[in-house]
Amino acid sequence: MILEVAILQVKAGLADSFEASFKEASQIISSMKGYVHHELQRCLEEQNKYVLLVKWETLEDHTEGFRGSAEYQEWKRLLHHYYDPFPVVEHYTSIEL
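Here the structure is a predicted model, which means the values were calculated and not measured. (Residues numbered from 1 in each chain as written. Predicted model: local features only at pLDDT ≥ 70, side-chain atom pairs only at ≥ 80, totals over all residues. Heavy atoms only, no water.)

A word on the layout of surface pockets
For clarity, the threshold we go by: A pocket, in this scheme, is an open set of points on a 1 Å grid over the protein atoms alone with protein on both sides within 12 Å along at least 5 of 7 lines, while a cavity is a set where a 1.4 Å probe fits but cannot get out; residues line either one if an atom lies within 4 Å of a point. Grid points are joined across faces, edges and corners, and a volume is the space filled by probe spheres set on the points. Per the convention used, a helix needs a DSSP run of H or I reaching at least four residues, while a strand needs a run of E reaching at least two, with both numbered from the N terminus. Polar here means any residue other than Ala, Val, Leu, Ile, Met, Phe, Trp, Tyr, Cys and Pro, which are nonpolar, and Asp, Glu, Lys and Arg, which are charged; Gly is therefore polar.
Here the largest pocket defines a volume of roughly 170 Å³. For the lining of the largest pocket, the secondary-structure elements that each account for two or more residues are β1 (2–9), α2 (59–66) and α3 (70–79). A per-class count over the lining of the largest pocket returns 11 nonpolar, two polar and two charged.

Observations regarding the pairing of strand β3 (residues 49–56)
The condition that has to hold: Relative accessibility under 20% of the residue-type maximum defines a buried residue, over 50% an exposed one, and the middle range a partly exposed one, all with a 1.4 Å probe and only protein chains included. At least two bridges found by DSSP between two strands are what make those strands a pair.
Along β3, the buried face is formed by Tyr-50, Leu-52, Val-54 and Trp-56; none of Lys-49, Val-51, Leu-53 and Lys-55, which line the opposite face, is buried. Two strands pair when backbone bridges link them, and β1 and β3 are joined in this way by eight bridges, in the antiparallel orientation. Pairing of Leu-3 across the sheet is with Lys-55, part of β3. Strand direction decides the pairing type here: strand β2 (residues 35–42) and β3, joined by seven bridges, are antiparallel. By the bridge assignment for β3, Tyr-35 is matched with Trp-56. Taken together, β2 and the strand that follows it, β3, pair antiparallel across an intervening segment of six residues.

Structure representation (structure tokens):
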């Protein structure tokens, strides 16, 4: 299982519109091969800051499958214009404790 983590800085004044667009975009990502779960959380200290957490079965399900798909083009159309700066996306894996 892979956890994708992205800190999203949404342009000032666009938070409500971003959240509405994200609801629409959620249908896209949740239909993709290897998708497990996602959540979007809004920062309490900075109103235009969010964290996106997505669980994928494999890294390739995200980096090749989703990002290489036609559906990703729609995802980009819906969401990418909200970000400034563009988010860094990182991937994490669980460790046994």
